[in-house]
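# Commentary on secondary and tertiary structure
Chain residues, written in single-letter form:
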Amino acid sequence: MTINIQEQNGGYTASFIGRLDTPAAVKAQQDMTLLMENANKEITLDCTELEYISSSGLRLFLALRKETAAKGGKVIIKNINDEIRKVFMMTGFFNLFEIV
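Residues numbered from 1 in each chain as written. Predicted model: local features only at pLDDT ≥ 70, side-chain atom pairs only at ≥ 80, totals over all residues. Heavy atoms only, no water.

## Observations regarding unusual backbone geometry
- One non-glycine residue with positive phi stands out, namely N9, at about 50°.
- Looking at the element boundaries, N9 is found in the loop between β1 (2-8) and β2 (11-20).
- Phi at N79 is positive, roughly 60°, even though this residue is not glycine.
- For N79, the location among the structural elements is in the loop between β4 (74-78) and α4 (82-91).
- When its relative accessible area of 38% is taken as the criterion, N79 is described as partly exposed. (Helix = DSSP H or I, 4+ residues; strand = E, 2+ residues; numbered from the N terminus. Buried < 20%, exposed > 50% of the residue type's maximum accessible area, 1.4 Å probe, protein only.)

What follows is the structure, given as structure tokens:
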């Protein structure tokens, strides 16, 4: 699992590459520190190359959403594949996030 984070237009875009499973979530949490620190901005999670997300990965997304809500920021999730779309629908994430 790799996360590439770029600052763009006053916000941040994080591109997820690979499988965000339970073992990868530990490192991903550390990698996402910059996003948590800037939760007052618009943060886009680009899932174009995200192959899989576990409950641990979902918790990371949810923690980021909670932090942005508290600090006045916003999380946008884009380019999810059909499998991740199913997971988001089953877990109610479609109601929690702006997904484009």
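## A few points about the sheet that holds strand β5 (residues 98-99)
- In space, the five strands of this open sheet follow the order β1-β2-β3-β4-β5, with mixed pairing throughout. Each edge of the open sheet carries a strand with a single partner, namely β1 and β5.
- Relative to β2, β1 is paired through seven bridges, and the arrangement is antiparallel. By the bridge assignment, T2 is partnered in β2 with I17.
- Along the sheet, helix α3 (residues 55-71) makes contact with β2, β3 (42-53) and β4, crossing β3 at roughly 175°.
- Contacting β3, β4 and β5, α4 crosses the sheet at an angle of about 115° to β3. (Pairing = 2+ DSSP bridges. Contact = heavy atoms within 4.5 Å. Axes fitted to C-alpha atoms, helices over the stretch in contact; angles between N-to-C directions.)

## Focus: α3
- For α3, with 17 residues, the first-to-last C-alpha span of 24 Å sits near the 24 Å given by 1.5 Å per residue.
- Listing the buried residues of α3 in full gives S56, G57, L58, L60, F61, L64 and T68.
- The first or second residue beyond α3 is G72, which carries a positive phi of 85°. (Expected span 1.5 Å × (residues − 1).)

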